[in-house]
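# Descriptive analysis of the structure
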Amino acid sequence: MTSDSKLFDSKIIVLYILDISGKSLTINQIVKFCEEFDDITYFDICSYIDSLKKSNYIEENLEDNVMTYSLNSLGKATLKELLELIPGVNLHTIRKMISKNITKIKTDFSINTNVVPIKEDEYKVSCYIKDGNDELVNITLYAGSKEQVKNISKNWSEHAEEIYNQLLNAMTKEE
């Protein structure tokens, strides 16, 4: 396989990953999809993303201070035509790897709360963000009612990354 056709195949794989995931992905998430490909590195993926972006096949989005990438309509149309060029065995292998890794990616990052009743109308609410086995943040708050527990849990699930970024900025600010 020539290096040009390998590059072409790898870019199709990145387009396919963005399409099949159904959501915007970070470069690290795309890398996790490609872990089992021996010949695709992190730096290769960065290069492919840059090239696909310049060719207007994908869009770059800033979501909660994190850069993500998604397939646009031109990318989807192009991918549909190009998928016929990928040999069936390779496409089957790619689908298996993606299916295996999509579950892994979804479970790698989680935002959740854990509520522990202390006394009547007194609760501990642990709000956390985990990245795989690493706990990025765990904040425990005391709530004096079930209504407060509901509000804390709801606001944490909707704004955890924003809250985390604000905490990180406040805690690392030099005076």
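Criteria and thresholds
Residues numbered from 1 in each chain as written. Predicted model: local features only at pLDDT ≥ 70, side-chain atom pairs only at ≥ 80, totals over all residues. Heavy atoms only, no water. Helix = DSSP H or I, 4+ residues; strand = E, 2+ residues; numbered from the N terminus. Buried < 20%, exposed > 50% of the residue type's maximum accessible area, 1.4 Å probe, protein only. Contact = heavy atoms within 4.5 Å. Arc of directions from axis to C-beta. Polar contact = N/O pair within 3.5 Å; in protein donor to acceptor, adjacent residues only side chain to side chain. Core = buried A, V, L, I, M, F, W, Y, C linked by side-chain atoms within 4.5 Å. Salt bridge = Lys/Arg side-chain N within 4 Å of Asp/Glu carboxyl O.

Across its full length, the chain holds 6 helices and 5 strands. Ordered by position from the N terminus, the helices and strands of the chain form the series α-α-α-β-β-α-α-β-β-β-α. Counting all 175 residues of the chain, 32% fall into the buried class. Partitioning the contacts of the chain with sequence separation of at least 6, the portion at a separation of at least 24 is 47%.

It is worth spelling out helix α4 (residues 73–82) at this point. Within α4 the residues assigned to the buried category are Gly75, Thr78, Leu79 and Leu82. Projection of α4 onto a plane perpendicular to its axis shows the buried side chains occupying an angular sector of 100°, all on one side. Facing away from the buried side of α4 by more than 90 degrees, the exposed set consists of Ser73, Lys80 and Glu81. Two to three positions downstream of the cap, the backbone nitrogen of Leu74 sits 3.1 Å from a side-chain oxygen, assigning the N-cap of α4 to Asn72.

Turning to the nonpolar core, a few remarks are in order. Counting residues in hydrophobic clusters, the biggest one holds 24 residues, and the most contacted among them are Leu18, Ile40, Ile45, Ile49, Ile58 and Leu79. Elements with a minimum of two residues in this core: α1 (3–21), α2 (27–33), α3 (42–54), β2 (66–71) and α4. Considering each element in turn, this core owes the most residues, 7 residues, to α1. Those residues in contact with Leu18, other than ones at most four positions away along the chain, are Lys23, Leu25, Ile30, Ile58, Tyr69, Ser70 and Leu71. Grouped together as the second largest cluster of nonpolar side chains are 10 residues, Val125, Cys127, Ile152 and Trp156 included.

Turning next to the pattern of salt bridges. For side chains of opposite charge, pairing can occur when their charged atoms come near one another. Throughout the structure, instances matching the rule amount to 3 salt bridges. A salt bridge links Asp50 to Lys54, with the shortest nitrogen-to-oxygen separation between them at 3.2 Å. Of the two residues, Asp50 and Lys54 are both situated in helix α3; the distance of 4 residues between them amounts to about one turn of the helix. A salt bridge links Lys154 to Glu158, with the shortest nitrogen-to-oxygen separation between them at 3.7 Å. Within this pair, Lys154 and its partner Glu158 are both found in helix α6 (residues 146–172), separated by 4 residues, close to a single helical turn.

To continue, consider unusual backbone geometry. Unusually for a residue other than glycine, Asn56 sits at a positive phi of about 65°. If you trace the backbone, Asn56 turns up in the loop between α3 and β1 (58–63). In this structure, Asp121 takes a positive phi of about 55° despite not being glycine. Following the sequence through the fold, Asp121 ends up in the loop between β3 (109–119) and β4 (122–131). Asp121 sits in the partly exposed class, given a relative accessible area of 44%.

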